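One-letter residues, chain by chain:
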Amino acid sequence: MPKCPHCGSTAQVQILDIDFDLEEDEFVYVRRYYKCGCGTYFHGTVTYAKCYGGYEMIDKEERLFENAMDK
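We now turn to the structure provided with this report. Given the structure is predicted, the values throughout are model-derived calculations rather than measurements.

### Description of a nonpolar patch on the surface
In step 1: A cluster of nonpolar side chains, contributed by Met1, Ile15, Ile18 and Phe20, occupies part of the molecular surface with about 430 Å² of accessible area.
In step 2: For Phe20, the position within the fold is in strand E1 (residues 14-23).

Right, dumping it as structure tokens:
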């Protein structure tokens, strides 16, 4: 499980959804959408090619936090 880009937790992160995208029979993109217990939403994208595996790149989403941790 990835670390939350806001609080750094791995224990509170849950997967909300997974999308797959095939591009010209060469690459497969797997995008996972996450939510952390601190209220942060983020997603990770993994690119797979025929010749190598992938590494998940994490991007924080621009949503309001559900919890008011920063106040």
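### A short note on the pairing of strand E2 (residues 27-35)
In step 1: Inspection of the sheet shows E1 paired to E2 by nine bridges, in the antiparallel sense. What sits directly across from Asp19, in E2, is Arg31.
In step 2: Joining the antiparallel neighbours E2 and strand E3 (residues 41-49) is a turn of five residues, in which Gly39 adopts a positive phi near 100 degrees.

### Notes on the packing of aromatic side chains
Geometry of an aromatic ring pair is reported as the spacing of the ring centres plus the angle between the planes.
In step 1: Across all of its chains, the model carries two aromatic pairs by this definition.
In step 2: Taken together, a centroid distance of 5.1 Å and an interplanar angle of 25 degrees make the contact between Tyr34 and Phe42 stacked.
In step 3: Phe42 sits in the buried class, given a relative accessible area of 0%.

Thresholds, definitions, all that
Residues numbered from 1 in each chain as written. Predicted model: local features only at pLDDT ≥ 70, side-chain atom pairs only at ≥ 80, totals over all residues. Heavy atoms only, no water. Patch = residues over 30% accessible without salt bridge, like charges linked within 9 Å, V, L, I, M, F, W, Y side chains within 5 Å. Areas by Shrake-Rupley, 256 points an atom, 1.4 Å probe, with all protein chains shown as cover. Salt bridge = Lys/Arg side-chain N within 4 Å of Asp/Glu carboxyl O. Helix = DSSP H or I, 4+ residues; strand = E, 2+ residues; numbered from the N terminus. Pairing = 2+ DSSP bridges. Phe/Tyr/Trp six-rings, centres within 6.5 Å; stacked < 30°, edge-to-face > 60°. Buried < 20%, exposed > 50% of the residue type's maximum accessible area, 1.4 Å probe, protein only.

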